[in-house]
Amino acid sequence: MTTTVTPPPPETTSAKEQVRSRLPKSARAGGTLHGGPIAYAILIVFTIVSLFPLVWTAIAASRDTQRLAQTPPPFWFGSNLFKNLEIAWTEANLGEAFLNTTIVAGISAVTVVILSTIAGFAFAKLRFRGRGALMLLVIGTMMVPPQLSIIPLYMMVAKLDWTDQLQAVIFPSLVSAFGVFFMRQYLLQALPDEIIEAARVDGASSWRVVWHVVFPAARPAMAVLGMLIFVQTWNDFLWPFLVLTQSGNPTVQVAVAGLGRGFTPDQSLIMAGALLGTLPLLLVFAVFGKQIVGGIMQGAVKG
Amino acid sequence: MSTRHDTAASPLKGGAAPGRPPRGTASASAKDREERRRKKLSRRWQRDMRWSPYAFVAPFFLLFLAFGLFPLIYTGWASLHQVELTAPTDMNWVGLKNYTRIFDDDFFWNAARNTLTIGIISTVPQLLMAMGIAHILNYKLRASTFYRVAMLAPYATSIAAASLVFVLLFGRDYGMINWALDLVGIDPVAWQDDKWPGQFAVSTIIIWRWTGYNALIYLAAMQAIPQDLYESAALDGANRWQQFLHVTLPSLRPTILFTVVVSTIGASQVFGEPLLFDPNKGASGGAEHQFQTLGLYLYEQGWINQHLGRASAIAWMMFLILIVIGIINYVISRRLRASS
């Protein structure tokens, strides 16, 4: 054995740092580079573009329709906001619509989260015959547009006499292939095999493992998935539009879209309705925005 | 997290092995007891190990079969029948007639072309902008969380609300966009009446809602790229643009493919935006069908003209088109991989 000395660790790091400091600025891209004024300018423009239609919805909702039919369009708030919100609320029957949408989105978020967590756990951590094929099926159907199944769904709903009933919207939204995939990806990483083995050694049955180990470990991802599904169900348009009419149990989106129909629609009322339909989710975003952003980014990396 | 696991696991310990002797000093009789206990438990244990995975996936798959997979396949069956909305349970076998009919239908091909062009106009700029924004967000910035949340806000907006707002913004006479164009000396554009402006406006709604979301997905993937790659590229003399080209883009390839696939699927089903963009024309997608998409055409055939069988055939055609696009995607990405 020759006794060639490998350089001691401190020296390597300092050498590396020396190299790094000798590098042109461009070497330190990605994360370590500070953004210049151009970067801020682009981001601010993009932020304004993102937020402007939302702010302008509120401005238009605070005016009357005559003012909206003039140039230049209004850039600041008028005095009609609360009057318009009130009329839109009663005209589009938004009280009932809010209740309906909350029920639908709440039930589907809770169910999807629970079913996705236990199924995701099985796919991530348990061995069973057919696991690969079943997972492939789940991923495969994520690629299929939902429009491919709405006609038989509609036939089912018609046969069950569920038209205009909330269960027509609830049942198809209880399953999410994306949810299973999302939880599987999270649990693969966040749940070490040793913890499950330790619980097994202690004699825990699979159900107790789920209850006492998987659910606590998955809680952050469950919260994010719940919010994503809630947002998605709240905003869903096509299917509720097909099975719920405005007169019977509309969701918020169906009711808001209904405001836009007719040949002389009252624009400021439409904007008031659009604002009311969006407000709850914007509040959710204002409070949990950071977590939702984190969840979307987390779900994206391990694809 | 770990403390939570500990507390969660501790009641199990007490329940499963009462009075287990301390390790290393186990007597023979204790070992025997343990052995018997194991045997008694082992059958239940094996049953648990074998069947509980199925029990865990069963609730999902039962619902999935009923509301996901069965309708998917049944659409194909329905497309071979004459089914009317007025009596959705009466089905008369007509073979491929629904398909030959839509093949001869100019409105079908018009809708297919519109879906393709709206898909391109909305997806390509959206993903390019998302990539640029992600790159900027990857710098060290003040208040970076604020930008991320702000650009995700459109994602929280529903199709219905967003479309109605953009209808006003794109209004011909008093809309803000024509007003702004007038300021720079451009004549007002009839966004709802003309073909390309209409498609552009519909695409704008889609771009507005999804660019921030895609930027976050790219950002996540960029943050997972190891720093050393950039350092060695810089040592080789690569400038920042070359680093982006030769380090960032290749590392992002799977993510890009993912967003392209997801956006393509999304683009194939565009429905609410063109439906609401001209509320009076509704399902026809503008007076001249100029922004009627396949999704809208399916709705028109199925729910306005009440031919559910023909609508099913349109649904399957949409699926076939998606598969073809998927194959093209796959081939292109393989070519790209081979060339690099």
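Residues numbered from 1 in each chain as written. Chains lettered and ligands numbered in written order. Predicted model: local features only at pLDDT ≥ 70, side-chain atom pairs only at ≥ 80, totals over all residues. Heavy atoms only, no water.

Going by what an unreviewed UniProt entry lists, chain B is known as Sugar ABC transporter permease and is assigned to Streptomyces cathayae. Here is the UniProt Sequence similarities (unreviewed entry) comment for chain B, exactly as written: "Belongs to the binding-protein-dependent transport system permease family." (UniProt positions renumbered as here; feature names shortened; annotations may be inferred.)

An unreviewed UniProt entry lists chain A under the name Carbohydrate ABC transporter permease, from Streptomyces cathayae. Word for word, the UniProt comment on chain A under Sequence similarities (unreviewed entry) is "Belongs to the binding-protein-dependent transport system permease family." UniProt's Subcellular location (unreviewed entry) comment on chain A is quoted here verbatim: "Cell membrane".

A look at the UniProt feature "transmembrane region" (unreviewed entry) in chain B
Residue and element names in this part refer to chain B. Mapped onto this numbering, the UniProt entry gives "transmembrane region" (unreviewed entry) at residues 51-74, 116-137, 149-171 and 313-332. Segment residues 51-74 splits into 100% helix and 0% strand. End C-alpha atoms: 30 Å apart. Secondary structure across residues 116-137 divides into 100% helix and 0% strand, with the first and last C-alpha atoms of the span separated by 31 Å. (Helix = DSSP H or I, 4+ residues; strand = E, 2+ residues; numbered from the N terminus.)

As for the UniProt feature "transmembrane region" (unreviewed entry) in chain A
All names here are of chain A. Cross-referencing UniProt, the feature "transmembrane region" (unreviewed entry) maps to residues 38-59, 103-124, 136-157, 169-188, 209-231 and 269-288 in the present numbering. Along residues 38-59 one finds 100% helix and 0% strand; the C-alpha atoms at either end are 30 Å apart. Between the end C-alpha atoms of residues 136-157 the distance is 29 Å, and the span holds 68% helix and 0% strand.

A few points about the interface of chain B and chain A
Listed by partner, the interface residues are 110 residues for chain B and 119 residues for chain A. A combined buried area of about 10500 Å² lies between chain B and chain A, and 78% of that area is made up of carbon and sulfur atoms. Counting across the chain B and chain A interface gives 10 residue pairs in polar contact (both at pLDDT 80 or more). Top contributing element to the side of chain B that touches chain A by residue count: helix α2 (residues 28-78) of chain B, with 23 residues. Residues of the side of chain B that touches chain A, tallied by class, amount to 79 nonpolar, 21 polar and 10 charged. (Contact = heavy atoms within 4.5 Å. Buried area = accessible area lost by both parts, 1.4 Å probe. Polar contact = N/O pair within 3.5 Å; in protein donor to acceptor, adjacent residues only side chain to side chain. Nonpolar A, V, L, I, M, F, W, Y, C, P; charged D, E, K, R; others polar.)

Digging into the packing of helix α5 (residues 94-125) of chain A against helix α6 (residues 131-142) of chain A
Residues and elements named next belong to chain A. As a packed pair, α5 and α6 sit with axes 10 Å apart at the nearest point and diverge in direction by 130°. Taken together, the axes of α5 and α6 lie oblique to each other. At the point where α5 passes α6, the crossing takes the left-handed sense. Packed against α5, whose contacting residues are Ala122, Phe123, Ala124 and Lys125, the element α6 presents Arg131, Leu134 and Met135 at the interface. (Axes fitted to C-alpha atoms, helices over the stretch in contact; angles between N-to-C directions. Parallel < 35°, antiparallel > 145°, perpendicular 65-115°, else oblique. Left-handed = near helix turned anticlockwise from the far one by under 90°.)

Considering the side chain of Thr248(B)
If you trace the backbone, Thr248(B) turns up in helix α10 (residues 240-268). Setting aside chain neighbours within four positions, we find Thr248(B) in contact with Met222(B), Ile225(B), Tyr230(B) and Gln243(B).

Brief notes about helix α9 (residues 177-190) of chain A
Residue and element names in this part refer to chain A. The end-to-end C-alpha separation of α9 is 20 Å, in line with the 20 Å expected for 14 residues at 1.5 Å each. Taken across its 14 residues, α9 has 10 buried, putting it largely inside the fold. Of all the positions in α9, only Ala177, Gly179, Val180, Phe181, Phe182, Met183, Arg184, Gln185, Tyr186 and Leu187 are classed as buried. (Expected span 1.5 Å × (residues − 1). Buried < 20%, exposed > 50% of the residue type's maximum accessible area, 1.4 Å probe, protein only.)

As for the UniProt feature "domain: ABC transmembrane type-1" (unreviewed entry) in chain B
Within the UniProt annotation, "domain: ABC transmembrane type-1" (unreviewed entry) is assigned to residues 112-329 of chain B. The distance from the first to the last C-alpha atom of residues 112-329 of chain B is 18 Å, and the span holds 75% helix and 0% strand.

Comments concerning the pattern of salt bridges
Side chains that carry opposite charge are capable of pairing whenever their charged atoms lie near each other. Evaluation of the coordinates by the stated rule reveals 2 salt bridges over all chains. Notably, a salt bridge pairs Asp193(A) with Lys125(A), separated by 3.1 Å at the nearest N-O pair. Remark: Lys125(A) occurs in helix α5 and Asp193(A) occurs in helix α10 (residues 193-201); sequence separation between them is 68 residues. According to the relative accessible area criterion, Lys125(A) is buried, its value standing at 16%. Between Asp173(B) and Arg172(B) there is a salt bridge, with its nearest N and O atoms 3.4 Å apart. With relative accessibility at 46%, the residue Arg172(B) sits in the partly exposed group. (Salt bridge = Lys/Arg side-chain N within 4 Å of Asp/Glu carboxyl O.)

What to know about the side chain of Arg200(A)
Along the chain, Arg200(A) turns up in helix α10. For Arg200(A), which is buried and forms no salt bridge, the nearest opposite charge comes from Asp48(B), at a distance of 4.0 Å. Setting aside chain neighbours within four positions, we find Arg200(A) in contact with Leu126(A), Ser205(A), Ser206(A), Val209(A), Trp45(B), Asp48(B) and Met49(B). (Lys, Arg positive; Asp, Glu negative; His and termini not counted.)

Some details on the packing of helix α2 (residues 37-61) of chain A against helix α8 (residues 195-223) of chain B
Running from N to C, α2(A) and α8(B) cross one another at 135°; their axes reach a closest spacing of 11 Å. It follows that α2(A) is oblique to α8(B) by the angle criterion. Handedness of the α2(A)/α8(B) crossing: left-handed. Here Phe46(A), Val49(A), Ser50(A), Pro53(A) and Leu54(A) of α2(A) come into contact with α8(B), specifically with Trp208(B), Thr211(B) and Gly212(B). Counted by class, the contact of α2(A) with α8(B) contains 5 nonpolar, 3 polar and no charged residues.

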